[in-house]
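# Architecture at a glance
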Amino acid sequence: MSSLLVTGADLAGTGARDLLVEDGVITEVGTIRGSRSVDVLDADGLVALPGLVDLHTHLREPGREDAETIESGSAAAAVGGYTAVLAMANTTPVTDTAEAAERILDLGRAAGLVDVVPVGAVTKGLAGEELAELGLMYRSRARVSVFSDDGRCVHDARVMRRALEYVRAFGGVVSQHAQDPHLAGPQACAHEGELSGRLGLPGWPGVAEESVVARDVMLARHTGSRVHVAHVSTAATVEVIRWAKAQGIAVTAEVTPHHLALTTDLLAGYDPVYKVNPPLRPQEDVDALRAALADGTIDAVATDHAPHARHDKEHAFVDAAFGMLGLETAFSVVSDVMVASGRLDWAGVARVMSVNPARIAGLAGHGHDLVVGAPANLTLVDPSATVTVDRGASLSLSRNNPWHGHTLRGAVHATLLRGRVTARKGAVA
Amino acid sequence: MTATLSEQPATRHTRRHLLSSADLDREQVRAILDTAAEMHEVQRRDVKKLPTLRGRTVVNLFFEDSTRTRSSFEIAGKWLSADVINISGKGSSTSKGESLRDTVLTVAAMGVDALVIRHSASGAAHQVSQWVDAHVVNAGDGMHEHPTQALLDAYTMQRRLGDLEGRHVAIVGDLTHSRVVRSNLITLRTLGAKVTLVAPPTLMPSGIGAWAAADGFELSNDFDAVLPTVDAVMMLRVQRERMSGGFFPTPREYTVGYGLTRARLDALTDANPDAVICHPGPMNRGLEIAADAADAAQSLVLDQVSAGVAVRMSVLYHLLAGEAAQA
């Protein structure tokens, strides 16, 4: 029997307790005398959160193993405090079959640092036309229940309707990358506004997101299905989701750390590290996203970790790849932006970074309160530590890190996956 | 001539690069235009070459075809005795393996003093300037800026109209996709001119209202209302691809609303006989500008081309000549 005693951790803001972990399960909570001969992890001054769950990660394997592999991405996730990550389907080949999904599951298990849960494509080849084998992916060993064409929008209303209806049979959910391709085409790369006008960058207007979300919540109402909105980026999208939830429509939503903290003003220097889809928005949107995360309109924080090889970023801004790293910095950004500012308490962080994402993705082994009998997936964080981000120290294979040089309040101290320490102070264990 | 130029270190434009028209304050614009006037005189001589940039290498790195601008820079460099090399950059698509940075570093590694960059992507020259030691001149970046065009436009207008302070310039046409308008706005405002942008709402850049309020220029959808009040009207080319892009219904309707037609030429002349007409070229005769207007006495179209060489000589001089003198 493997056992570990975690002493003195503040359990998501409810007070300091000791946790005894045996065979991957929490077996005792309270004041535990060190009479037994067990390994001890001194967590005095740390906060214990249920292991973080990322609904939105790009691990690039198969296809772009020069940018990230499931192994390197798992390491980045573990040091970032994650115990489960959902790996998006836009790999090469696309995760649109049971076999492809099982392959990702197996590679994740081989890496062994975090539960890698494949997301299935909604449509074959992400082409937006024919449904992928959604049911077979669900029936596979990977038990895929989150489907997304992320990177592209399921923009055909009929296809979206069918997908929503179809996955209801097995409790699946469609995670939509909301971007009307006619309002924001492939060249669109900057929030459409005064700055994009001045910079001469093709605009990506908020309405390209908002109109698709409005349509999708109506489709969810019509079909009685569940829809999840990926990377919400505008205040008006928040308003649509707030309205839909008030109507009882089954909609959930996520926001990225970068949309909670960075603004479109950063594009003024044309540095492609700030090129991301959806684009960074103005401060008014950032403020609305923070408020929506705090009040529960937005359910979860998801990283949209998007590693890219250096040579795919060192192009002219319009030609460079979309996306930025996120797994290793997400907790610190949320801690800094939401907790240190008083917008969210630790129970709130547990909710938006673990409990809600696990529930949305249907992950039975994750997102549990730290109580006796729960799987020992937990993240120990140090609220008083600050981190100054160094992109060179990243465990990701890529360096497209918009947080380089930022000092953030709050740091991940250690991550436990089913009782085993997977990462400690920025290094895998 | 050369003695005169080398006696101007105090007014020489001292920045390393010319990436945006906003890089230049009024004094620097005036210095460049004054030097351009001297260069323009040289153009009228039988022997046009000055020794100023002898031994310096200027590379025209054009990722986008532009015979007009490239030739203008090439002649400018050659008349200053620089070694000028033209390189056509291949497409900038990410699918081609080599990044923009790779391409530019390869060229810069050959020992280049100035890189004149033309690229279909906004910001390209700005990015390049962060990767190389050479001086970078933006010869047009996507929909962003074209600072030497704005300088030559100002130079040309100034020769006809005198000081542009308080003069009213209307810029008409496809503002959204135009790098010319962004640079002209800045340079004309720097020189104290009043600027009105005229276009249908679909061809106005996003956020233009806030931009106009912040920078102090006017906007109009009504060309006829603006026309009688201007000292200069600058017509922008309407790209063919815009016609199928739903920006306006038909070319005919565009011309009726926003073209410098024969009737508008008459209205302009009636209101202000000294008003001038500019067009950065190439023109779509019959679409945004009637042949009568393009060829009218008030038209500065060919003067603009002629000024282009002088202004680019001046820009290269201001960027490079100081170093040559110190070396």
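All of these numbers come straight from a predicted model, not from anything done at the bench.

### Brief notes about the overall build of chain A
From N to C terminus, chain A includes 12 helices and 19 strands. Since a compact globule built from 429 residues should have a radius of gyration of about 22 Å, the 20 Å found for chain A is in line with a globular shape. Oriented by its inertia axes, the alpha-carbon framework of chain A measures out at about 65 × 45 × 45 Å. Residue pairs in contact within chain A that sit at least 24 positions apart in sequence constitute 75% of those at least 6 positions apart.

### Comments concerning the overall build of chain B
Scanning chain B for helices and strands turns up 14 helices and nine strands. What you see for chain B is a C-alpha radius of gyration of 20 Å, in line with the 20 Å of a compact globule of 327 residues. Its C-alpha atoms give chain B principal-axis dimensions of roughly 55 × 50 × 40 Å. The buried share of chain B, taken over its 327 residues, is 50%. Pairs at least 24 apart in sequence give 76% of the contacts found in chain B among residues at least 6 apart.

### A closer look at the pairing of strand β8 (residues 115–118) of chain A
All names here are of chain A. Every second residue of β8 is oriented toward a common face, with Asp115 and Val117 on one face and Val116 and Pro118 on the other, all of them buried. Sheet topology note: the strand β7 (residues 82–87)/β8 ladder contains four bridges and is parallel. What sits directly across from Leu86, in β8, is Val117.

### Things to note about the sheet that holds strand β2 (residues 83–88) of chain B
Residue and element names in this part refer to chain B. Spatial ordering of the open sheet is given by β2-β1-β3-β4, a layout of four strands whose pairing is parallel. Strands at the two margins of the open sheet, each flanked by one partner only, are β2 and β4 (135–141). Sheet twist, expressed as the mean angle between neighbouring strand axes with direction ignored, is 15°. Looking at chain direction, strand β1 (residues 57–62) and strand β3 (residues 114–119) are connected through five bridges and run parallel. Counted as the bridge partner of Phe62 is Arg118 from β3.

### Examining the interface of chain B and chain A
The interface of chain B with chain A comprises 24 residues on the first partner and 20 residues on the second. Secondary structure elements with two or more residues in the side of chain B that touches chain A: α4 (100–108), α5 (124–129), α7 (179–190) and α8 (208–215) of chain B. Here the side of chain B that touches chain A is composed, by residue class, of eight nonpolar, 13 polar and three charged.

### Description of the nonpolar core
In this structure, Ala48 of chain A together with Val172, Val233 and Leu316 of chain B are the most contacted members of the largest nonpolar core, which totals 246 residues. A total of 12 residues in this core trace back to one element, the largest contributor, which is helix α14 (residues 301–326) of chain B. If near-sequence neighbours (up to four positions away) are discounted, Val172 of chain B is found in contact with Val198, Ala199, Phe223, Val233, Met234, Met235, Leu236 and Tyr258 of chain B.

### Points about the sheet that holds strand β9 (residues 276–278) of chain B
Within a sheet, adjacent strands bond to each other through the backbone by hydrogen bonds, running parallel or antiparallel. Residue and element names in this part refer to chain B. An order of β7-β6-β5-β8-β9 is seen for the five strands of this open sheet, with the pairing classed as parallel. In this open sheet, the two strands that pair with only one neighbour each are β7 (218–220) and β9. Across the sheet, the mean angle separating the axes of adjacent strands is 20° when strand polarity is ignored. Pairing between strand β8 (residues 232–235) and β9: three bridges, direction parallel. Its bridge partner being in β9, Val233 is matched across the sheet by Ile277.

### Quick word on unusual backbone geometry
Glu61 of chain A connects to Pro62 of chain A through a cis peptide bond whose omega is 5°. Checked against the element boundaries, Pro62 of chain A lands in the loop between β6 (52–57) and α1 (70–79). The step from Thr92 of chain A to Pro93 of chain A runs through a cis peptide bond, and the omega angle for that step is 0°. Looking at the element boundaries, Pro93 of chain A is found in the loop between β7 and α2 (98–111). Here Ser81 of chain B, not a glycine, exhibits a phi torsion of approximately 70°, which is positive. Here Ser81 of chain B shows up in the loop between α3 (67–79) and β2.

### What about helix α6 (residues 206–223) of chain A?
Residue and element names in this part refer to chain A. With 18 residues, α6 should cover 26 Å at 1.5 Å per step; its first-to-last C-alpha distance of 26 Å lies within 8% of that length. Those residues of α6 that fall on the buried side of the exposure criterion are Gly206, Ala208, Glu209, Glu210, Val212, Val213, Asp216, Val217, Leu219 and Ala220. On its buried face, α6 is in contact with α4 (157–167), β10 (173–176), β12 (203–204), β13 (227–229), α7 (235–246) and β14 (251–255). Looking one or two residues beyond α6, the residue adopting positive phi is Gly224, at roughly 70°.

### As for the domain arrangement of chain B
Residues and elements named next belong to chain B. On domain assignment, one finds that chain B holds domain 1 (2–145 + 305–326) and domain 2 (147–304). The partner domain 2 presents 22 residues to the 27 residues of domain 1 that form the contact. At the level of elements, α2 (26–43), β4 and α14 are the ones that each hand at least two residues to the side of domain 1 that touches domain 2. With seven residues, α14 is the single largest residue contributor to the side of domain 1 that touches domain 2. For the side of domain 1 that touches domain 2, a count of residues per class yields 13 nonpolar, eight polar and six charged.

### Overview of the confidence of the model for chain B
Residues and elements named next belong to chain B. Mean pLDDT over chain B works out to 91, with 92% of the residues at or above the 70 mark. The model gives residues 1–13 a pLDDT under 50, and that stretch makes 24 contacts with residues more than four places away or in other chains. Scored as a whole, the predicted complex attains pTM 0.94, and scored at its interfaces, ipTM 0.91.

### Quick look at the environment of Arg167 of chain B
Residue and element names in this part refer to chain B. Tracing the backbone through its elements, the reader meets Arg167 in the loop between α6 (147–161) and β5 (168–172). Sequence separation of Arg167 and Arg101 is 66 residues, and the distance between their C-alpha atoms is 42 Å. Residues within four places of Arg167 in sequence aside, it is in contact with Leu161, Ala193, Lys194, Asp231 and Ala232.

### Side note on the environment of Asp303 of chain B
The topology assignment puts Asp303 of chain B in helix α14. On a C-alpha basis, the gap between Asp303 of chain B and Met157 of chain B in space is 9.3 Å, while along the polypeptide they are 146 residues apart.

### A look at the packing of α6 of chain A against α7 of chain A
Packed helices, taken two at a time, are described by the angle their axes make and the gap between the axes. Residue and element names in this part refer to chain A. One way to put it is that α6 packs onto α7 with a least axis distance of 9 Å and a crossing angle of 10°. Compared by their axis directions, α6 and α7 come out roughly parallel. When α6 is examined against α7, the residues Gly206, Glu209, Glu210, Val213, Ala214 and Val217 are found in contact with a partner set consisting of Ala236, Thr237, Val240, Ile241 and Ala244.

Rules of the game
Residues numbered from 1 in each chain as written. Chains lettered and ligands numbered in written order. Predicted model: local features only at pLDDT ≥ 70, side-chain atom pairs only at ≥ 80, totals over all residues. Helix = DSSP H or I, 4+ residues; strand = E, 2+ residues; numbered from the N terminus. Rg over C-alpha atoms; globule rule 2.2 N^0.38 Å. Contact = placed C-beta atoms within 7 Å. Buried ≥ 20, exposed ≤ 12 C-beta atoms within 10 Å, placed from the backbone. Pairing = 2+ DSSP bridges. Axes fitted to C-alpha atoms, helices over the stretch in contact; angles between N-to-C directions. Nonpolar A, V, L, I, M, F, W, Y, C, P; charged D, E, K, R; others polar. Core = buried A, V, L, I, M, F, W, Y, C linked by C-beta atoms within 7 Å. Expected span 1.5 Å × (residues − 1). Domains from an automatic or database assignment. pLDDT = per-residue confidence, 0-100. Parallel < 35°, antiparallel > 145°, perpendicular 65-115°, else oblique.

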